[in-house]
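Here is how the chains run, residue by residue.
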Number of protein chains: 2
Amino acid sequence: MKDQDSSQIKEMFYPKTIAVIGASPDKKKIGYEIFKNLQKFTGKVYPVNKKEDTILDQKTFDSVLDIDDQIDLVIIAIPVNYVKTALEECGKKNVKGAVIISAGFSEIGKKGLEEEIVQTAKKYSIRLIGPNSAGIANNDTSMNATFIMDSKKGHISFVSQSGALGAAIIYKTVYEGIGFSKFISLGNMADIGFCEAIEFLAADKNTKSIALYMEGVKDGKRFIQVAKSCSKKKPILVLKSGKTRAGSQAVSSHTGSLAGNDSIYDTAFKQAGVIRTETIDSLLDAADVFSQNHMERNNVVILTNAGGPGILAADECEKQGFNVPTLSQSTQNKLKKTLSPYASTRNPVDTTAQAGYKEYLKCIKILQNDNDIDAIAAVIVVPTFIQIGMTEHARGIIDGWNKKKPLVTCFMSGEVALTSKNFLSTNSIPCYPSPERAVKALSALWKFSRWKNEN
Amino acid sequence: MKDQDSSQIKEMFYPKTIAVIGASPDKKKIGYEIFKNLQKFTGKVYPVNKKEDTILDQKTFDSVLDIDDQIDLVIIAIPVNYVKTALEECGKKNVKGAVIISAGFSEIGKKGLEEEIVQTAKKYSIRLIGPNSAGIANNDTSMNATFIMDSKKGHISFVSQSGALGAAIIYKTVYEGIGFSKFISLGNMADIGFCEAIEFLAADKNTKSIALYMEGVKDGKRFIQVAKSCSKKKPILVLKSGKTRAGSQAVSSHTGSLAGNDSIYDTAFKQAGVIRTETIDSLLDAADVFSQNHMERNNVVILTNAGGPGILAADECEKQGFNVPTLSQSTQNKLKKTLSPYASTRNPVDTTAQAGYKEYLKCIKILQNDNDIDAIAAVIVVPTFIQIGMTEHARGIIDGWNKKKPLVTCFMSGEVALTSKNFLSTNSIPCYPSPERAVKALSALWKFSRWKNEN
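The shown structure was predicted, so the numbers you read here are calculated from the model rather than taken from an experiment. Sequence order as written defines residue numbering, which begins from 1 separately in each chain. The naming scheme follows written order: chains are lettered A onward, ligands numbered 1 onward. Residues qualify for local features only when their pLDDT is at least 70, as the model is predicted, and side-chain atom pairs are given and counted only at 80 or more; totals for whole chains, interfaces and linings, by contrast, use all residues. Heavy atoms throughout the structure, all of them, feed into the side-chain values; hydrogens and water do not.

Engineer: For the overall build of chain A, give the residues involved together with the corresponding values.
Structural biologist: Helix and strand definitions here come from DSSP, where helices need a minimum of 4 consecutive H or I residues and strands a minimum of 2 consecutive E residues; each element is numbered from the N-terminal end. Looking only at helices and strands, one finds 16 helices and 19 strands in chain A. Only C-alpha atoms enter the radius of gyration; for comparison, a globular chain is expected to reach 2.2 Å times N to the power 0.38, where N is the number of residues. Computed over the C-alpha atoms, the radius of gyration of chain A is 25 Å, within 12% of the 23 Å expected from 2.2 N^0.38 for a compact globule of 455 residues. Principal-axis analysis of the C-alpha atoms gives chain A an extent of 75 × 50 × 35 Å. For every residue, the accessible area (1.4 Å probe, protein chains only) is compared with the maximum for its type, and the residue is labelled buried under 20%, exposed over 50%, or partly exposed between those bounds. Residues counted as buried form 64% of the 455 residues belonging to chain A. The long-range share in chain A, meaning contacts at least 24 apart out of those at least 6 apart in sequence, stands at 73%. Summed over all atoms, the accessible surface of chain A reaches about 16,900 Å², with 49% contributed by carbon and sulfur. For the purpose of charge, His is not counted, nor are the chain termini; Lys and Arg are scored as positive and Asp and Glu as negative. Charge positions are represented by NZ for Lys, CZ for Arg, CG for Asp and CD for Glu. Between the centroid of the 58 positive side chains of chain A and the centroid of its 48 negative side chains there is a distance of 4 Å. Contacts between residues were defined by any pair of non-hydrogen atoms, one from each residue, lying within 4.5 Å. Using the Shrake-Rupley algorithm and a 1.4 Å probe, accessible areas are obtained, with residue cover drawn only from the displayed protein chains.

Shown next as structure tokens:
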């Protein structure tokens, strides 16, 4: 099945018509959530439910076979024992893609049942996501075929082997203003797994970076090959769990699968240019940085209005293998003309709290034109107590920046920083809540740039 | 001056009367922000300003000498050149504590000017915080003598050498629901420094943990002595910047002071039981965990409703030196009676997404009674799509817990988790946004417990 045309998977993400088998008017059911979430979808959605007449004012169908339209994708959310029959009907209807939300297969030891639906799908050339998936989403077409809330639109595509973690990450990104292009909850990976998902996303023009939550892959060699080929086009970031003995035992109780020897994964990731991250935060932070150009070398300038946070950024830079070079006399002289006499112009450039729109605009222009500098990290504590507008720094940075060298920002923190963050995100400038996280994200960009230069 | 009675510092945090020298009706001025923030203070506040008649409907005074009341604390926010005269007047008025917000002293190289005000203060036995301080706050008496927003009330006291970072951290904690008891922005530390702050906070009954942001200390030996004596009572957490070469050069440009050799700090912290953290997040996360009892040994059970996040918690446990032991057959049997047949009971205990209030109540009771377990980490993805109330897990945990063994929680994530988090925080149960951060915070408790056992 792995050799089938991967355009079939693309069609699952760009269907014109979707049938939800198990759509329900009962607000307590997953079949309600999915059907409700699909109301914004730009194509057609049909509810399938034998027992109900209408769902959200739409006429239901007893079976996909009763729908007088071609069906490009089905979402199946019915009790486990009815899945095979539903798939048979999909096959007869010539449906080519199915996302199976229904659980109760190999994840609770019922491998035979899972094999049966795989065989049924094969018979009709249906590609499967799941079972035990939380669904898929494509923000290009407002298709949220999951039981999770809508994610924000953005450039990251996220592939999760855990449905619950997928859900948790969507809640988090909505809250923090990080945007997704595609979302895939792989579930038990009875058919489509990481390799197929990566192949599809590598070719997807709205995906700038791919973030994976992985517990284990089945075919390691193929994964390396597919991932490496993808890395030549765009970055893959991974959070691989089951890293430790305790974690790998937990993987085994969770899915019955093996986490495998962690050092083997580590080597495979390095070979394939896959950037490994250690936490949920660092996975998303790193994925978000790839709205930026690559880095030529590793010289970073820190631009800040607050001494302490600037120092923390400098510490993190060195920890991540960056240089924080003292700026040339020529650049320092230009900065001095712009800034208060109490500003520091070495690096970190500390503008002092008095600097606003004009100063930030000029500083960004001066720093991006310095050939000794490869990236800018701007670290701002939004002042609430002096005569500087809340978004002045953000606007200065946006207006001054020529988009050539990578730029990451940290706006600290909480509610007072949110307006600036939203403003920056709209302009494709990643913004993080702490200096450490901003610099760490930039280091993913540097790691990937280096890998690309070497491969 | 260091030998004076430290009760004088306590009086600065528990004044009955405060004068704000430089209080202003001009909303663009720091003297306005401070005076406005002090309106909620339970004692009396007097505005001092020669040029104005009233501020926020209160009659102003030309000098502290004109106030017909004893003044326990003054906050000075006037241009640098007037500070000495103002201090002289405070001395004549027999004021014993002054917080100097005014900047323009040693931080911009004017060491002589700073020495003058130190000598003036000495002459009148006034203790000084600052200059170049962002102020001090005490949530016991609703005293916010800073130009920053009000922090939430809680058990952490926070001492910052950087005013801007202090402000940023207050914004952050308000947003994330973390609470402070006292806040001290030390500024240039012309008089009161880390040692005096720690001595005061060690004796303060509403402070359960002390969080420091430090760029450098002046008297290392005394710091070790004071910190060690404090650690025997309550934990000190530190974020020490200037750790790397780049960071230490940045410290030197920031304050003109020396960050010093980092390994010396590291050794000093270890000797004194001070727990060093690496990021702003981990400083606050660790400080927040000390609403809990100490840990006897290092055996942790993970209780979760979501496989993936449970595995990430297990990985982080092992990384932090915890055991994640397989539960005894007897405990597993008890759990099995409570949970669905598809639950996993080894460790992590995965209740599956179907478990709600009743199951969490029972699981917590069973796990806290297991003598092989020393702490519980509960990792929950709040379900939004099944018939389980949003706060069921939180209520089950709160109602089941007997408060004896440490308990940390992670509720993932974003807005859907906030209600649970607030609910848990009100019940003194720390709640973190990711499994990694919950486990890392617990490890600070374990490090401190171990240090206390050995010292």
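Here the narrative resumes.
Engineer: Break down a negative patch on the surface for me, with residues and values.
Structural biologist: Residue and element names in this part refer to chain A. Taken together, the side chains of Asp26, Glu52, Asp53, Asp62 and Asp66 present a region of like negative charge at the surface. Residue position: Asp53 is located in the loop between strand E2 (44–48) and strand E3 (54–55). A relative accessible area of 65% places Asp53 in the exposed class. Candidate patch residues must exceed 30% relative accessible area and have no salt bridge, after which like charges are joined if within 9 Å and Val, Leu, Ile, Met, Phe, Trp or Tyr side chains if within 5 Å. One speaks of a salt bridge when a side-chain nitrogen belonging to Lys or Arg is within 4 Å of a carboxyl oxygen belonging to Asp or Glu.

Engineer: If you had to explain the environment of Ile126 of chain A to someone new, which residues and values would you point to?
Structural biologist: Relative to the helices and strands, Ile126 of chain A is located in the loop between helix H4 (111–123) and strand E7 (127–129). The spatial distance from the C-alpha of Ile126 of chain A to the C-alpha of Ala98 of chain A is 6.9 Å, given a sequence separation of 28 residues.

Engineer: How would you explain the side chain of Lys234 of chain A if you had to name every residue and give the values?
Structural biologist: Residue and element names in this part refer to chain A. Position of Lys234 relative to the elements: it lies in the loop between helix H7 (220–231) and strand E13 (236–240). Buried and unpaired, Lys234 has Asp204 as its nearest opposite-charge partner, separated by 5.6 Å. Polar contact is the term for a pair of N or O atoms within 3.5 Å; when the atoms are in protein, one must be able to donate a hydrogen and the other to accept it, and sequence-neighboring residues count only if both atoms are side-chain atoms. From its side chain, Lys234 meets the backbone oxygen of Ala202 in a polar contact 3.2 Å long. Engagement of the side chain of Lys234 in a polar contact is seen with the backbone oxygen of Thr207, the distance being 2.8 Å. Those residues within four positions of Lys234 in sequence are excluded, and the remaining contacts are Leu201, Ala202, Ala203, Asp204, Thr207, Lys208, Ile210 and Phe448.

Engineer: For the sheet that holds strand E19 (residues 431–432) of chain A, give the residues involved together with the corresponding values.
Structural biologist: Residues and elements named next belong to chain A. Strand order in the open sheet made by the five strands is E16-E15-E17-E18-E19, with parallel pairing throughout. Both edges of this open sheet fall to strand E16 (349–350) and E19, since each of them pairs with a single strand only. Pairing between strands requires that DSSP locate at least two bridges from one strand to the other. With two bridges connecting them, strand E18 (residues 407–412) and E19 associate as parallel partners. In the strand pairing of E19, Thr409 is matched with Cys431. Geometry is summarised by axes, namely lines fitted to C-alpha atoms with helices restricted to the contacting stretch, and by angles between N-to-C directions that run from 0 to 180 degrees. Across the sheet, helix H16 (residues 435–454) touches strand E15 (300–304), strand E17 (375–381), E18 and E19, and the angle it forms with E18 is around 165 degrees.

Engineer: Account for the relation of the copies chain A and chain B, naming residues and giving values.
Structural biologist: Here the copies were fitted onto each other by least squares, based on C-alpha atoms from residues at pLDDT of at least 70 in both. Taken as rigid bodies, chain A and chain B are interconverted by a rotation of 180 degrees and an axial shift of 0.0 Å, the fit giving an RMSD of 0.0 Å. The superposition operator between the copies reduces to a two-fold rotation axis. In terms of C-alpha distance to the rotation axis, chain A has Asp281 of chain A as its closest residue, with the C-alpha 5.7 Å off the axis. When the interface residues of chain A are mapped onto chain B, 100% of them are again interface residues, pointing to one common binding face.

Engineer: Mind laying out the packing of helix H13 (residues 357–368) of chain A against helix H14 (residues 392–400) of chain A, listing which residues take part and the relevant values?
Structural biologist: Residue and element names in this part refer to chain A. Their axes nearest at 7 Å, the elements H13 and H14 cross at an angle of 35 degrees. In terms of crossing hand, the pair formed by H13 and H14 is right-handed. Facing H13, whose interface residues are Tyr357, Tyr360, Leu361, Ile364, Lys365 and Gln368, H14 presents Glu392, His393, Arg395, Gly396, Ile397, Asp399 and Gly400. Residue composition of the contact of H13 with H14, grouped by class: five nonpolar, four polar and four charged. By the definition used in this description, the sense in which the near helix is turned from the far one sets the handedness, with an anticlockwise turn below a right angle giving left-handed and a clockwise turn giving right-handed. Here the term charged refers only to Asp, Glu, Lys and Arg, the term nonpolar to Ala, Val, Leu, Ile, Met, Phe, Trp, Tyr, Cys and Pro, and the term polar to all other amino acids, Gly among them.

Engineer: An account of the pattern of salt bridges is requested, with residue identities and associated values reported.
Structural biologist: The tally for this structure, following the rule as stated, stands at 48 salt bridges over all chains. One salt bridge in this structure joins Asp150 of chain A and Lys40 of chain A, with 2.6 Å as the shortest N-O distance. Here Asp150 of chain A, found in the loop between strand E9 (143–146) and strand E10 (152–160), pairs with Lys40 of chain A, found in the loop between helix H2 (30–37) and E2; they are 110 residues apart in sequence, far enough to count as distant. Residue classification places Lys40 of chain A among the exposed positions, given a relative accessible area of 51%. Between Glu359 of chain A and Lys358 of chain A there is a salt bridge, and its shortest N-O distance comes to 3.9 Å. Several salt bridges converge on common partners, so that one network encompasses Lys172, Glu176, Asp281, Asp285 and Arg437 of chain A together with Lys172, Glu176, Asp281, Asp285 and Arg437 of chain B.

Engineer: Which residues make up the pairing of strand E11 (residues 179–185) of chain B, and what values go with them?
Structural biologist: All names here are of chain B. The buried count for E11 comes to seven of seven residues, which makes it a mostly enclosed element. Across three bridges, strand E8 (residues 135–138) lies against E11 in antiparallel orientation. Counted as the bridge partner of Ala137 is Phe183 from E11. Of the strand pairs in this sheet, strand E10 (residues 152–160) and E11 are connected by six bridges, and their pairing is parallel. Along E11, the bridge assignment pairs Val159 with Ile184. For the crossover from E10 across helix H5 (residues 163–176) to E11, the handedness is right-handed. Here is how to tell: hold the view so the strands point away, follow the path from the first strand over the helix to the second, and if it runs clockwise the crossover is right-handed.

Engineer: Describe in detail the sheet that holds strand E5 (residues 73–76) of chain A, supporting the description with residues and values.
Structural biologist: Residues and elements named next belong to chain A. Overall, parallel pairing links the five strands, which are arranged E2-E1-E5-E6-E7 in an open sheet. Whereas interior strands pair on both sides, the edge strands pair on one side only; in this sheet they are E2 and E7. Sheet twist, expressed as the mean angle between neighbouring strand axes with direction ignored, is 20 degrees. Pairing between strand E6 (residues 97–100) and E7: three bridges, direction parallel. Across the sheet, residue Ala98 finds its bridge partner in E7, namely Leu128. Set on the sheet, H2 makes contact with strand E1 (17–21), E2 and E5; between it and E2 the angle comes to about 160 degrees.

Engineer: Can you tell me about helix H12 (residues 329–338) of chain B, naming the residues and giving the values?
Structural biologist: Residue and element names in this part refer to chain B. All of the buried residues in H12 are Thr331, Gln332, Leu335 and Thr338. One face of H12 carries all of its buried residues, which in axial projection span an arc of 115 degrees. Facing away from the buried surface of H12 by more than 90 degrees, the exposed residues are Gln329 and Lys337. Next to the buried residues of H12 lie strand E16 (349–350) and helix H13 (357–368). This arc is taken over the directions from the axis of the helix to the C-beta atoms.

Engineer: Help me get a handle on the side chain of Thr120 of chain B, residues and values and all.
Structural biologist: Topologically, Thr120 of chain B is positioned in helix H4 (residues 111–123). Among residues more than four places away in sequence, those in contact with Thr120 of chain B are Lys84, Leu87 and Glu88 of chain B.

Engineer: Describe the confidence of the model for chain A, with residues and values.
Structural biologist: Averaged over chain A, the pLDDT score is 94; the fraction of residues at 70 or greater is 97%. Overall fold confidence for the complex sits at a pTM of 0.94, while the interface term, ipTM, reaches 0.93. Summary of the metric used: pLDDT quantifies the predictor's per-residue confidence within the range 0 to 100.

Engineer: Provide a residue-level description of unusual backbone geometry, including the pertinent values.
Structural biologist: Going from Asn347 of chain A to Pro348 of chain A, the amide bond is cis rather than trans, its omega being 0 degrees. Secondary-structure assignment places Pro348 of chain A in the loop between helix H12 (329–338) and E16. A positive phi angle is found at Ser142 of chain B, which is not glycine, with a value near 50 degrees. With respect to the helices and strands, Ser142 of chain B occurs in the loop between E8 and strand E9 (143–146). The exposure class assigned to Ser142 of chain B is partly exposed, which follows from its relative accessible area of 34%.

Engineer: Which residues make up the nonpolar core, and what values do they have?
Structural biologist: If you look at the biggest cluster of nonpolar residues, it comprises 216 residues, and the most contacted ones within it are Leu212 and Phe223 of chain A together with Leu212 and Phe223 of chain B. Excluding residues within four positions of it along the chain, Leu212 of chain B makes contact with Val159, Phe194, Ile198, Phe223, Ile236, Leu237, Val238, Leu239 and Leu283 of chain B. Buried residues of nine kinds, namely Ala, Val, Leu, Ile, Met, Phe, Trp, Tyr and Cys, make up a nonpolar core once their side-chain atoms join them within 4.5 Å.

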